[in-house]
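# Analysis of the macromolecular model
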Amino acid sequence: MLKLSKLTTAVALVMAGAGMGASVSAIAGEVEVLHFWTSGGEAKSVAELKRIMQAKGHVWKDFAVAGGGGDNAATVLKSRVVSGNPPAAAQIKGPAIQEWAYEGVLANLDSVAKAENWDALLPKVVADVMKYKGTYVAVPVNVHRVNWMWANAAVLKKAGVTGMPKTWDEFFVAADKVKKAGLIAVAHGGQNWQDFTTFESVVLGVGGTKFYNDALVKLDQKALNSDTMKKSLETLRKVKSYTDAASPGRDWNLATAMVMQEKAAFQFMGDWAKGEFLAAGKVPGKDFLCAAAPGTANAFTFNVDSFAMFKLKNTENQKAQGDLAATIMGTEFQEVFNLNKGSIPVRLNMNMAKFDDCAKLSAKDFVETAKTGGLVPSIAHNMAIRSSTEGAIKDAVSQFWNDDKISIADGVKNIAKAATTK
Ligand code: BGC
């Protein structure tokens, strides 16, 4: 759990340093929305939510905290809640929704959910994550798929790579060709959440969905210490050898830009990368290609962006908050937002006519993998396990990624140990 009380002192210090202690003026019908959507494609997407809310007469107070993956936003959110001044809505995902609800700070959205019939409009696996003890406390925005591989079509052509590699062996053959052509094979941003994103796709591709579930969702020690995990780390280290020396610290969207600008061939990233390609005017299937990461075509690592709503005192703002929740689940927003964001609508039975082939493949695979058991929660994007354990595993993976002197055996051991963190 978040142990808010213990955080108070540290947070007070952070806030004093950042000059964030001032109270927010209460404007009638204002929604303050904390999010981390600051890249080109992301900003375009969230602007649609702002537009619809403003059209409904509400005041939009943007609370953007830069930092891919949302770690910075999570830290700032804690400080605001501890000081008794939460935003109306904050981008929170997966088990963290339960952790916040347990603290008693989230609003009850059941009246909106009942009026709008959310139970019938959402896949049950998603609705359950949005509820705490049977009550809706958060509203889902989309479904992102994490196990994607993106590529620049012109670079592949130049390197003599025909078709997207389907297995890791095929991938390394393609990567060698790209290298030979004098280009970067893998565009990577060396930040811990990006290392972790690549790791989860590699584990899924090497071990399959049962192994992924055992190791990264159930945190089974036998799976974590197995030869399959060894093989996964060997593969991960090999992937890293195809990244460029300037990757440490790079933002994910700059890695996507390297693919766009024909400097690099591939990127392993969720489909928010597609939002970047689209925002830059690139055409799917022509300028850039999408395929499941090698070995993962029958699986789908899901990442559902959602907004948890916080208890507010002002009644006008409470009303605006309810409107925000209804808007997010509405068909207008679900379509326009997801067209920009690279994700697919979370609301069931949406018309997909305007969506591109990558989104259509995602929608088809979402439904199919849900039937076959190939649908698994993304650990790197906060969907699978509690945040403290996730953070420990993420650190162990990043240490391994960044230090080639750590042996495979030690890498396996460190990750397995991190998985015991409570
Ligand atoms: C979020 C996406 C976001 C990405 C990069 C993911 O965890 O789900 O909405 O675009 O991080 O910041």
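Remember, it's a predicted structure, so these values are computed and weren't measured experimentally. (Residues numbered from 1 in each chain as written. Predicted model: local features only at pLDDT ≥ 70, side-chain atom pairs only at ≥ 80, totals over all residues. Heavy atoms only, no water.)

## Observations regarding unusual backbone geometry
Its identity as a non-glycine residue notwithstanding, Asn117 has a phi of 65°, on the positive side. Among the secondary structure elements, Asn117 is positioned in the loop between α5 (110-116) and α6 (118-121). By relative accessible area, Asn117 is classed as partly exposed at 44%. One non-glycine residue, Asn382, lies in the positive phi region at around 65°. Here Asn382 lies in the loop between β15 (375-377) and α18 (387-402). (Helix = DSSP H or I, 4+ residues; strand = E, 2+ residues; numbered from the N terminus. Buried < 20%, exposed > 50% of the residue type's maximum accessible area, 1.4 Å probe, protein only.)

## Here we look at the state of the cysteines
According to the stated counting rule, one finds 1 disulfide in the structure shown. There is a disulfide in this structure between Cys290 and Cys358, and the S-S distance comes to 2.2 Å. Across the S-S bond of Cys290 and Cys358 the torsion is about -105°, and the bridge reads as left-handed. One end of the pair, Cys290, is in strand β11 (residues 288-292); the other, Cys358, is in helix α17 (residues 357-372), and 68 residues separate them in sequence. Across the pair, exposure class does not vary: Cys290 and Cys358 are buried alike. (Disulfide = S-S within 2.5 Å.)

## Focus: the nonpolar core
With 65 residues, the main nonpolar core has Leu106, Trp118, Phe307, Met309, Phe310, Leu324 and Ile328 as its most contacted residues. For this core, the leading source of residues is helix α15 (residues 315-329), giving 6 residues. Apart from the residues lying within four places of it in its own chain, the contact partners of Leu106 are Ile97, Trp100, Ala101, Val137, Ala308, Met309, Phe310 and Lys311. Counting residues in hydrophobic clusters, the runner-up holds 57 residues, among them Phe196, Ile379, Trp401 and Val412. (Core = buried A, V, L, I, M, F, W, Y, C linked by side-chain atoms within 4.5 Å. Contact = heavy atoms within 4.5 Å.)

## Overview of the domain arrangement of the protein chain
For the protein chain, the assigned domains are domain 1 (7-144 + 302-370) and domain 2 (145-300 + 380-418). Between the C-alpha centres of domain 1 and domain 2 the distance comes to 27 Å. Across the interface of domain 1 and domain 2, roughly 2,500 Å² is buried in total on both sides, 57% from carbon and sulfur atoms. On the domain 1 side of the contact with domain 2, His144, Phe302 and Cys358 bury the most area, a combined 20% of that side's loss. For the pair domain 1 and domain 2, the interface holds 3 salt bridges. (Domains from an automatic or database assignment. Buried area = accessible area lost by both parts, 1.4 Å probe. Salt bridge = Lys/Arg side-chain N within 4 Å of Asp/Glu carboxyl O.)

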